[in-house]
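# Tertiary structure, described
Read off the chains here:
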Amino acid sequence: MTGSRTETSPKSPRVSAQPGRARESAIEEMLRVDHAGEYGAVRIYAGQLAVLRNMPGNEDLVAKLEHMAEDEEVHLARFNELINERHVRPTAFAPVWHVAGFALGAATALLGEKAAHACTAAVEEVIDEHYRSQVQRLDQMGEEEKPLRDTIEKFRLEEVEHRDEAIASGAEQAPAYPLLSGAIKAACRLAIKVSEKA
């Protein structure tokens, strides 16, 4: 007997219906992983710029990357504020992302301009998916979390700009692009899963 009870799809996250600690835990995971992701992005650009600033003829590319890096610094600064305001523990993997992010940036820069753009495009595509999913979850939480929702949506749109600029600059012309892009995306998705919980 079903009565008047409304069935909910098991695939629909019901974050808005979760009371107290469950809801708070969902926000903590979001902030932890977003803080980690922006930290990793800052380190990727640091690695790329460390290589490319020392190569002649890269002035235009360096200027583009510096602009993107500045956006990531703004994002990271805001997530630093948010994790402090919400008393969220940063990921324990920050030292790993410190090294891995820089290494990924430096390695792709050493492969050339197109590979550096391919790295940006791959990372930002994953971040777009990730932030889009978070915005959908935050929409379910109502007005209380609208400021956080709007912050993440603003940052998502800026990440999409980075992705589009990287593609327009020749990311898909990088050697072995599908392989390189696929490997970077897989690494980013793994880092997201790890950073949410740990």
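What you see is a predicted model, and the numbers here were worked out from it, not measured in a lab. (Residues numbered from 1 in each chain as written. Predicted model: local features only at pLDDT ≥ 70, side-chain atom pairs only at ≥ 80, totals over all residues. Heavy atoms only, no water.)

### Looking at the overall build of the protein chain
- When helices and strands are tallied, the protein chain shows six helices and zero strands.
- Helices and strands appear in the protein chain in the N-to-C order α-α-α-α-α-α.
- Looking at the protein chain as a whole, 46% of its 198 residues qualify as buried.
- The contacts in the protein chain between residues at least 6 apart in sequence include a share of 84% that link residues at least 24 apart. (Helix = DSSP H or I, 4+ residues; strand = E, 2+ residues; numbered from the N terminus. Buried < 20%, exposed > 50% of the residue type's maximum accessible area, 1.4 Å probe, protein only. Contact = heavy atoms within 4.5 Å.)

### A few points about the side chain of Thr-108
- Inspection of the secondary structure assignment puts Thr-108 in helix H3 (residues 94-110).
- Taking relative accessible area as the criterion, Thr-108 reaches 2% and is therefore assigned buried.
- One polar contact links the side chain of Thr-108 to the main-chain carbonyl oxygen of Gly-105, over a distance of 3.1 Å.
- With near-sequence residues (within four places) excluded, Thr-108 lies in contact with Gln-48, Ala-115, Ala-116, Cys-119 and Ile-184. (Polar contact = N/O pair within 3.5 Å; in protein donor to acceptor, adjacent residues only side chain to side chain.)

### A short note on the confidence of the model for the protein chain
- Confidence along the protein chain averages 87 in pLDDT terms, with 89% of residues attaining 70 or more.
- Contacts for the low-pLDDT stretch residues 1-18, under 50 throughout, to residues beyond four places or in other chains number 11 contacts. (pLDDT = per-residue confidence, 0-100.)

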